[in-house]
Amino acid sequence: MRVSYFTAPVRNDPQATARQEVYLAALRCSGARVVLGRFQEQLQRCRACGHTRVTYAEKQSDVALATAMVHDVAAGRVDAVMLLSADSDLCAAVHAIRRIDAERGTKTRVVTVFPPRRRSESLRRVSDAWFPLGDAIVRQSQLPDVLRGPDGVEYRRPVYWN
């Protein structure tokens, strides 16, 4: 089993960046593969008053996730995919997996896990199975209180996660 975590580095918030870097280092220590996308700056204009503000949109993370799923199936590395997302854009990747399976005469099981309070009806329909992830399971599935990296660095879970 391989766990891959797809995200984008936080921008313009040094404290959040530092927290994310520690979290991603801890994930790597636990054996997860971290794949980074990026945040793209966008200008958003208020229709009512015309005020413009800067926002950020995550880019490439969902495409990287979809590509990795399809690649793993095409390379014969997996017979099941567990997808933790409610992003209906990932339906295209599931359809690509189905086409690969049809060409090979195989069946890759796709199980979708929906984050707390999120769901996609279209992603549910293309999945072989699905279930919602509750807050209690998230709390029970956190990293241990202390993780020690191969270099001896200790990563401690924040107290406020308990």
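Right above here is the structure, for reference.
Because the structure is predicted, anything quoted here is derived from the model rather than measured.

Enquirer: Residue-level account of the environment of arginine 117, with values.
Expert: Tracing the backbone through its elements, the reader meets arginine 117 in the loop between strand E6 (109-114) and helix H4 (121-126). A polar side-chain atom of arginine 117 sits 2.7 Å from a polar atom in the side chain of aspartate 135.

Enquirer: Please provide a residue-by-residue account of helix H2 (residues 61-74), values included.
Expert: Here H2 is 14 residues long and its end C-alpha atoms lie 20 Å apart, about the 20 Å a rise of 1.5 Å per residue gives. All of the buried residues along H2 are Ser61, Leu65, Ala66, Ala68, Met69, Asp72 and Val73. Across the axial projection of H2, the buried residues extend over an arc of 160°, all falling on one side. Those residues of H2 that are buried are in contact with strand E1 (4-7), strand E2 (33-36), strand E4 (52-59), strand E5 (80-84) and helix H3 (91-104). Phi for glycine 76, located one or two positions after H2, is positive at around 70°.

Enquirer: I'd love a proper account of the nonpolar core, names of residues and values included.
Expert: Judged by nonpolar contacts, the single largest core of 20 residues is most densely connected at Leu65, Met69, Leu83, Leu90, Val94 and Leu123. At the level of secondary structure, the elements contributing two or more residues to this core comprise H2, E5, H3, E6 and H4. If near-sequence neighbours (up to four positions away) are discounted, valine 94 is found in contact with Met69, Val110, Leu123 and Val126. If you look at the next biggest cluster of nonpolar residues, it comprises nine residues, including Ala26, Ala32, Val34 and Leu143.

Enquirer: Got a sec to walk through a nonpolar patch on the surface? Specific residues and values, please.
Expert: Side chains of Met82, Trp130 and Phe131 sit close together on the surface and give an oily, nonpolar patch of about 310 Å² of accessible area. Take methionine 82: it is sitting in strand E5. Looking at methionine 82, the relative accessible area reads 59%, which means it is exposed.

Enquirer: Pulling in residues and values, what's your account of the environment of histidine 95?
Expert: With respect to the helices and strands, histidine 95 occurs in helix H3. In this structure histidine 95 comes out as partly exposed when scored by relative accessible area, which is 39%. With 38 residues separating them along the chain, histidine 95 and alanine 57 place their C-alpha atoms 25 Å apart.

Enquirer: How would you summarise the packing of aromatic side chains if you had to cite specific residues and measurements?
Expert: Inspection of every chain in the model, using the stated rule, returns two aromatic pairs. Seen from their ring centres, tyrosine 5 and tyrosine 23 are 5.9 Å apart, and the 75° between their planes marks the pair as edge-to-face. With tyrosine 5 in strand E1 and tyrosine 23 in helix H1 (residues 14-29), the pair connects residues that are 18 residues apart, well separated along the chain. With relative accessibility at 30%, the residue tyrosine 5 sits in the partly exposed group. Arranged with centres 5.8 Å apart and planes meeting at 55°, the rings of phenylalanine 114 and tryptophan 130 form a pair that is tilted.

Thresholds, definitions, all that
- For every chain, the first residue of the written sequence is number 1, and numbering continues from 1 along that sequence.
- Owing to the predicted nature of the model, reporting of local features is limited to residues with pLDDT of at least 70; listing and counting of side-chain atom pairs is limited to 80 or more, with chain, interface and lining totals taken over all residues.
- Side-chain metrics rest on all non-hydrogen atoms present in the structure, leaving aside hydrogens and water.
- Strands here mean DSSP runs of E at least two residues long; helices mean DSSP runs of H or I at least four residues long; both are numbered from the N terminus.
- The definition of a polar contact used here is a pair of N or O atoms within 3.5 Å, where within protein one atom must be able to donate a hydrogen and the other to accept one, and adjacent residues in sequence count solely through side-chain atom pairs.
- Residue count minus one, scaled by 1.5 Å, sets the expected span of a helix.
- Partly exposed residues are those whose accessible area sits between 20% and 50% of the maximum for their type, while under 20% is buried and over 50% is exposed, using a 1.4 Å probe and protein chains only.
- Arc definition: directions from the helix axis to the C-beta atoms.
- Between two residues, a contact is recorded if the distance between any of their heavy atoms is within 4.5 Å.
- Here, the term nonpolar core denotes a set of buried Ala, Val, Leu, Ile, Met, Phe, Trp, Tyr and Cys residues that are joined through side-chain atoms within 4.5 Å.
- Here the term patch refers to residues with relative accessible area over 30% and no salt bridge, with like charges joined within 9 Å and nonpolar side chains (Val, Leu, Ile, Met, Phe, Trp, Tyr) within 5 Å.
- Accessibility throughout is a Shrake-Rupley quantity obtained with a 1.4 Å probe, and a residue counts as covered only by protein chains that appear here.
- Put simply, a salt bridge is a Lys or Arg side-chain nitrogen that is within 4 Å of an Asp or Glu carboxyl oxygen.
- Pairing of aromatic side chains requires ring centres within 6.5 Å, counting the rings of Phe and Tyr and the six-membered ring of Trp. Pairs whose planes differ by under 30 degrees are stacked, by over 60 edge-to-face, and all others tilted.

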